Amino acid sequence: MTPPYDPRTAMNPQTNPPPYQGRLLIDGQWCDAADARRLERRSPAHGQLVAVYAEAGVPDAQRAIGAARQAFDKGPWPLLKGAERARILRHVADGILARRHALARMESLENGKPLAQSLAEIEGAADLWQYAASLARNLHGDSYNTLGAATLALVLREPIGVVGIITPWNFPFLIVSQKLPFALAAGCTAVVKPAEVTSGTTVMLGEILLEAGIPAGVVNILVGQGAVVGEAMVSHPDVDMLSFTGSTAVGKQAVARSAATLKKVALELGGKNPQIVFADCDWEAAVDAAVYGIFFNAGQCCNSGSRILVQDAVADKFAEAVIARSRQVRVGDPFDERTQVGAITTERQLHTILAHVEGARQAGATVALGGARLDRPGLYMEPTVLTGVTRDMAIARQEVFGPVLSMLRFGTLDEAVDLANSTLYGLSAAVWSQDINTCITAARRIEAGTVWVNTFLEGHAELPFGGYRESGIGRELGRFAAEDYTETKTVHLHLGARTDWYLPPA
Ligand code: NAD
């Protein structure tokens, strides 16, 4: 059990353990970088040194990719029975649960999110490993016995090969768990690069993987910079597939850089997700979801409900209710159990958020709540609500990735859908109404990978997740999640004598 929060001792260097020491996992061995470089991470909430890592360079990336290639080409992982791979994935899930408090603590230290939230994410991630284990036993192809007497055809699903996995800093453990277990279930091997500011839980996962019996070289973990290690993975010919979650800008770069090797690319990118509030909504539920949807994870969430579109008749009253509730959001130390919103993960991100707010102010939006850095040590931002936002403003279209809510208005359902679809993104959306016709009509016309109806930010391993347009390519989770990491092969069998193509003249 995690001890209760005590402000006198929390993050006190005298009472906290020394910084976590993370190394690179290559070919089943923990090692330092070839050039002995190191990378430090300080907690955004306290400024305290919490981890020191070996920092990989290009030679380390090449060695990791070589190990994954060898483990794929020589086996045994791709040739194991699905049941055997499933057994190891379940051991990993058990290992995650056994170490969930240490993982949660590391996630909160590096990311700045509340400890209880980290714990829920780690437990959710263990469930994804369990779910992937079930898919490992159910992966199968197809057969055709309907192609005539002389033909039987098999459609085989084969693991695609070496997968490069690159993840962001907002949900480090959850996102690696949306990818890696499914790639492993399919029989692939992997090189994983977490975001350089939140590598801890992914390196700890390496320890759990080894304990669970994953063979050497099947999973290799590199802590390092995107522009160095990430680039090396994206452009390497021995990486057969790239699974990337991060910003749309870097995702586009990755597609361009991977073109020379024509690898398969799966992308989970940004969002500017609308919650559409109709006048006949369940008021309390919609107000709560508006506040939760933007301030959860300090708004550093691809799925964050950063645009609230409210029907004219109730727009002013709804804005007042949202502002009143937002004032009550408890921002503070991630280790204080009363905290709902922790720190912003990096100084750079905090500056980016503040610049978006300033841009909105200059464009004519009203900063109805917050808008500034909190006056306390650590990287904290006030919950911020902007009213009077119109669709032509940059703040209505660009992802802020922070606790900044933009409120817009509409008249009719047609206008609401048009406004919802007016950005380049299409990750998720919500509809709030007690009229089923309104809900279903809007849900069908909104261009987004997920549409919630009368709820927000719920997820299940069974449900596919991903984006339309510039929010990404492909889907994670759901029953096809392991198939995404396969190639399809047709085996066409001819039975009996084959008719010659060359028929001599009669
Ligand atoms: P980012 O794009 O800056 O970084 C993501 C990862 O890419 C990191 O590991 C980084 O080191 C690496 N990277 C950076 N430059 C690279 C390069 N040139 N080549 C290869 N890799 C490189 O994103 P971020 O700031 O870590 O995360 C925030 C973004 O992620 C937001 O836009 C958010 O919407 C998006 N996101 C999307 C989802 C989703 O599922 N759709 C989930 C979480 C986050």
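What counts, and where the lines are drawn
Residues numbered from 1 in each chain as written. Predicted model: local features only at pLDDT ≥ 70, side-chain atom pairs only at ≥ 80, totals over all residues. Heavy atoms only, no water. UniProt positions renumbered as here; feature names shortened; annotations may be inferred. Pairing = 2+ DSSP bridges. Helix = DSSP H or I, 4+ residues; strand = E, 2+ residues; numbered from the N terminus. Axes fitted to C-alpha atoms, helices over the stretch in contact; angles between N-to-C directions. Contact = heavy atoms within 4.5 Å. Salt bridge = Lys/Arg side-chain N within 4 Å of Asp/Glu carboxyl O. Buried < 20%, exposed > 50% of the residue type's maximum accessible area, 1.4 Å probe, protein only. Near = heavy atom within 4 Å. Polar contact = N/O pair within 3.5 Å; in protein donor to acceptor, adjacent residues only side chain to side chain. Areas by Shrake-Rupley, 256 points an atom, 1.4 Å probe, with all protein chains shown as cover. Expected span 1.5 Å × (residues − 1).

Under an unreviewed UniProt entry, the name given to the protein chain is 4-(hydroxymethyl)benzenesulfonate dehydrogenase, and the source organism is Verminephrobacter eiseniae. According to UniProt, the comment filed for the protein chain under the heading Function (unreviewed entry) is "Involved in the toluene-4-sulfonate degradation pathway. Does not discriminate between the sulfonate and the carboxyl substituents and can also be involved in the p-toluenecarboxylate degradation pathway." Database annotation for the protein chain, UniProt heading Catalytic activity (unreviewed entry): "4-(hydroxymethyl)benzenesulfonate + NAD(+) = 4-formylbenzenesulfonate + NADH + H(+)".

**Considering the sheet that holds strand S19 (residues 450-453)**
Reading across from one edge, S15-S16-S17-S14-S13-S18-S19 is the order of the 7 strands in this open sheet, with mixed pairing throughout. Where the open sheet ends on each side, the last strands, each with one partner, are strand S15 (366-369) and S19. Across the sheet, the mean angle separating the axes of adjacent strands is 25° when strand polarity is ignored. The sheet contact formed by strand S14 (residues 307-311) and strand S17 (residues 404-410) spans 5 bridges and is parallel. Within S17, the residue paired with Gln-311 across the bridge is Phe-410. Running at roughly 170° to S14, helix H12 (residues 413-420) makes contact with strand S13 (274-277), S14 and S17 of the sheet.

**With respect to the pattern of salt bridges**
Taken as a whole and judged by the stated rule, the model has 26 salt bridges. Between Asp-73 and Arg-69 there is a salt bridge whose closest N-O contact spans 3.1 Å. Note that Asp-73 and Arg-69 are positioned in helix H1 (residues 58-74) at a spacing of 4 residues, about one turn of the helix. Classification of Arg-69 as buried rests on a relative accessible area of 14%. Its salt-bridge partner being Arg-469, residue Glu-447 comes within 2.1 Å of it at the nearest N-O pair. With Glu-447 in the loop between helix H13 (436-445) and S19 and Arg-469 in the loop between S19 and strand S20 (472-473), this residue pair connects regions lying 22 residues apart in the sequence. You can call Glu-447 partly exposed: its relative accessible area is 32%. Through salt bridges that share partners, Arg-23, Asp-32 and Arg-38 make up one connected network.

**Here we look at the site of the ligand**
The environment of the ligand is made up of 28 residues, and the closest members are Thr-167, Glu-196, Ser-247, Leu-269 and Glu-399. The side chain of Glu-231 places a nitrogen or oxygen atom 3.4 Å from a nitrogen atom of the ligand. Measuring from an oxygen atom of the ligand, one finds a side-chain N or O atom of Glu-399 at 2.6 Å. Out of a free accessible area of 850 Å², the ligand has 90% covered by protein chains.

**Observations concerning the UniProt feature "domain: Aldehyde dehydrogenase" (unreviewed entry) in the protein chain**
When the UniProt feature table is mapped onto this chain numbering, "domain: Aldehyde dehydrogenase" (unreviewed entry) sits at residues 30-491. The straight-line gap between the two end C-alpha atoms of residues 30-491 is 41 Å; of that span, 39% is helix and 19% is strand.

**Overview of the environment of Pro-403**
With respect to the helices and strands, the residue Pro-403 is situated in the loop between strand S16 (384-387) and S17. Between the C-alpha atoms of Pro-403 and Gly-299, which are 104 residues apart in sequence, the distance is 4.4 Å.

**Concerning helix H2 (residues 82-98)**
In a regular helix each residue adds 1.5 Å, so 17 residues correspond to 24 Å; H2 covers 24 Å between its end C-alpha atoms and thus fits that length. For H2, every residue scored as buried is listed here: Arg-85, Ala-86, Ile-88, Leu-89, Val-92, Ala-93, Gly-95 and Ile-96. Residues of H2 that are buried make contact with helix H3 (100-111), helix H4 (115-136), helix H5 (172-186) and helix H6 (200-212).

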